[in-house]
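An overview of the molecular structure
This is what each chain is made of:
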Amino acid sequence: MLWGSNARETHPIFFHHLLRGVRNGARLYAVAPRRTSSAEWADVWLGLDVGSDIALANAIAREIIHAGLANREFIQRATSDFDAYREKVESYTLEYAEQETGVPAEAIRELAHAFASADRAMICWTLGITEHHNAVDNVLALINLALLTGHVGRYGSGLNPLRGQNNVQGGGDMGALPDRLPGFQYIENDALRAKFDEAWGVPVPAKRGWHLSGMFDAMERGELTAVYVIGENPVQSEADQQRAKRLLLGLDFLVVQDLFLTATGEIADVVLPAAAAWAEAEGTVTNSERRVQRVRKAMDPPGEAREDLWIIYELARRMGSDWGEASAERTWDELRSLSPVHRGMTYPRLEALGGIQWPCWDETHPGELFLHSRLWEDPVPGLRAPFVPVDHDPPVDRLTEDYPIRLTTGRRLDSFNTGVQSSGYTSPMRRGESLDISPEDAELHALADGERVRVVSRRGAIEVPVRIDPSLRPGLTFMTLHFQDDVATNILTIDATDPKSGTAEFKATAIRIEKLASAVPA
């Protein structure tokens with residue numbers, strides 16, 4: 001199942017592997033509001049309404065249970081809280097799900113039976129699941145399906161969140177999360193935190209920090225007055241762009257460290273030019289399958305640009321803490337001494353084996369091929385995997401007579417995020433920003449392809465040309481964030497955020513389309 005993902009355009013290398021499976025006989029089910037270029041390769045496309053993922057997932061679960069297709073042996077041995085989950089999904093009938101999601105009941109039934117009956121099955125998802133006000137609950141709904149069928153922790157089966165940028169996994173591994181230390185160790189666990197206190201010679205704060213949305217809330221309260229931004233462009237990437245820029249401009253001090261002078265860098269007090277980590281620095285990178293691989297320096301950074309590690313070490317030295325040489329390997333060895341899941345990954349082993357998957361407990365361990373393989377041991381070591389019942393909760397930005405059309409956002413193959421890393425290069429596939437609309441909506445609003453319109457949300461308005469796209473259903477429109485200098489899409493989007501992850505609801509904005517008055521001939 002490819003759920004909430006247009007992998008052909010957003011993860012093209014991964015999609016080649018997926019197509020190899022399809023050519024070898026695998027069945028592909030695509031679950032997405034748009035009939036994307038990925039969905040065109042699917043055996044079945046389930047075109048659900050934006051924000052109805054939990055209703056669909058729970059209905060699939062109910063059908064699996066009622067059809068007697070749940071993996072009872074796995075559930076009994078390896079999971080917990082199944083009874084509460086079964087009770088929760090009972091009201092999610094196929095008829096109710098069809099009403100809430102727009103997906104025909106028969107298509108839901110087919111997917112449920114195919115997924116549960118398959119010898120091997122995988123659920124892959126991306127931002128179509130996570131850029132919602134209930135992002136974590138959406139993911140939990142998919143995890144529940146994997147536990148219900150036993151499609152986890154085995155060859156060819158599992159849960160695969162496709163990462164949106166290079167080394168996102170590595171960032172999380174290293175503790176770039178508000179509640180975790182390196183190796184996913186909880187910061188609020190006194191015993192786990194104590195070894196970091198000792199190694200670093202300073203007390204680590206005992207309470208979790210703010211996630212990104214929480215930081216902006218703290219700026220608004222006046223609790224956060226200085227920000228250090230590394231490799232991010234929040235002025236143009238945050239939902240409700242006007243609020244984000246206002247809060248960043250109101251800081252006492254803003255530092256930006258980046259390869260490019262981004263829109264955020266342009267308003268910073270200090271800009272630190274950084275090296276390109278993939279070619280101008282030593283280190284490691286972790287891919288989506290948890291494989292840690294070496295990155296080798298191929299050339300020196302240009303001009304005054306410096307490696308991120310050198311900049312951080314030098315800042316520490318000038319602030320009174322001399323950490324010694326800014327050595328990538330020495331820093332990695334410090335990480336290994338504190339993170340049990342990385343302990344066996346020496347640089348020589350990473351070189352010799354071409355990368356190692358964590359957890360890797362010692363220097364004889366080969367690395368764990370399947371993350372949740374322990375769930376197939378009897379008895380299961382450690383905690384059982386819990387079912388977490390979740391409920392359908394529609395998008396915050398509701399459709400009304402004033403705002404009757406749904407706008408969802410995403411990426412295109414030729415561009416990347418806010419365009420910082422891609423807009424400087426030409427591409428024969430690239431075109432400017434557009435409001436993609438269905439042929440039915442174009443006819444309803446009497447719009448021609450290429451005609452400029454005014455798009456209005458509850459937060460602001462922009463002007464953009466229309467592009468008629470037959471992959472869209474009536475009532476659904478699509479834009480990207482790639483051309484923010486020309487069309488500031490994020491003026492429209494809502495910053496309603498998931499309380500658990502801090503992710504904003506980029507995927508579900510309510511808008512209306514207004515025709516512009518024709519220019520009067522001179």
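Everything below is about the structure printed above this text.
Residues numbered from 1 in each chain as written. Predicted model: local features only at pLDDT ≥ 70, side-chain atom pairs only at ≥ 80, totals over all residues. Heavy atoms only, no water.

1. Section: the nonpolar core
Counting 52 residues, the largest nonpolar core has W3, L46, I60, L145 and L148 as the members making the most contacts within it. Element by element, the count of residues in this core is highest for helix 3 (residues 53-66), at nine residues. For L46, the residues in contact, after removing those within four places along its chain, are Y29, A30, V31, A32, L56, V103, A107, I108 and L111. L447, I462, V487 and I491 belong to the second largest nonpolar core, which has 18 residues in total. (Core = buried A, V, L, I, M, F, W, Y, C linked by side-chain atoms within 4.5 Å. Buried < 20%, exposed > 50% of the residue type's maximum accessible area, 1.4 Å probe, protein only. Helix = DSSP H or I, 4+ residues; strand = E, 2+ residues; numbered from the N terminus. Contact = heavy atoms within 4.5 Å.)

2. Concerning the pattern of salt bridges
In total, this model carries 38 salt bridges according to the counting rule given. Taking the shortest distance from any N to any O, the salt bridge between R336 and E363 comes out at 3.9 Å. Separated by 27 residues along the polypeptide, R336 in helix 18 (residues 328-338) and E363 in the loop between strand 14 (356-357) and strand 15 (385-386) bring together distant segments of the chain. For the salt bridge of R512 with E514, the shortest nitrogen-to-oxygen distance reads 2.8 Å. Given a relative accessible area of 24%, E514 falls into the partly exposed group. Residues joined in a network through salt bridges with shared partners are D217, E220, R243, R246 and D495. (Salt bridge = Lys/Arg side-chain N within 4 Å of Asp/Glu carboxyl O.)

3. Remarks on the environment of M345
Topologically, M345 is positioned in the loop between helix 18 and helix 19 (347-353). Residues M345 and P359, 14 residues apart in the sequence, show an inter-C-alpha distance of 9.4 Å. Setting aside anything within four residues of it in sequence, one finds M345 in contact with V292, W332, R336, L350, I356, Q357, W358 and C360.

4. Points about the sheet that holds strand 5 (residues 122-125)
Pairing is parallel across the open sheet formed by five strands, whose spatial order is 3-2-1-5-6. Looking at strand neighbours, the two that pair on one side only are strand 3 (44-46) and strand 6 (158-161), the edges of this open sheet. Bridge count for strand 1 (residues 2-3) against strand 5 is two bridges, and the pairing is parallel. Paired with W3 across the strands is W125, a residue of strand 5. (Pairing = 2+ DSSP bridges.)

5. Quick look at the sheet that holds strand 9 (residues 226-230)
Strands pair in a sheet through their backbones, by hydrogen bonds, and they do so in one of two ways: parallel or antiparallel. The strand order across the open sheet built from three strands is 9-10-11, with neighbouring strands paired in parallel fashion. At either end of the open sheet lies a strand with only one pairing partner, and these are strand 9 and strand 11 (270-273). Between one strand axis and the next, the sheet turns by 10 degrees as a mean value, whatever way the strands run. When strand 10 (residues 253-258) meets strand 11, the two strands line up parallel, connected through four bridges. Paired with D258 across the two strands is P273, which belongs to strand 11. (Axes fitted to C-alpha atoms, helices over the stretch in contact; angles between N-to-C directions.)

6. Some words on a nonpolar patch on the surface
On the surface, Y228, I230, I312, L315, M319 and W323 cluster together into a nonpolar patch covering about 590 Å² of accessible area. Looking at the nonpolar patch, the elements with two or more residues in it are strand 9 and helix 17 (308-318). Positionally, W323 belongs in the loop between helix 17 and helix 18. (Patch = residues over 30% accessible without salt bridge, like charges linked within 9 Å, V, L, I, M, F, W, Y side chains within 5 Å. Areas by Shrake-Rupley, 256 points an atom, 1.4 Å probe, with all protein chains shown as cover.)

7. Description of the packing of aromatic side chains
Here the structure, examined in full by the defined rule, presents seven aromatic pairs. Pairing Y92 with Y96 gives two aromatic rings, centres 5.5 Å apart and planes at 80 degrees, and the pair type is edge-to-face. Given a relative accessible area of 4%, Y92 falls into the buried group. Since its relative accessible area comes to 28%, Y96 is described here as partly exposed. Aromatic side chains F184 and W358 sit 5.6 Å apart centroid to centroid with 45 degrees between the ring planes, which places their arrangement in the tilted category. Residue F184 is located in the loop between strand 7 (180-181) and strand 8 (185-186), and its partner W358 is located in the loop between strand 14 and strand 15; the two are separated by 174 residues in the primary sequence. Given a relative accessible area of 10%, W358 falls into the buried group. Put simply, the rings of F82, Y85 and F387 pair up and form one aromatic cluster. In this structure, R34 is placed above the aromatic ring of F478, and the distance from its NZ or CZ to the ring centre is 3.6 Å. Across from the ring centre of W310, 5.8 Å away, lies the NZ or CZ of R306, which sits over that ring. (Phe/Tyr/Trp six-rings, centres within 6.5 Å; stacked < 30°, edge-to-face > 60°. Lys NZ or Arg CZ within 6 Å of the ring centre and 35° of its normal.)

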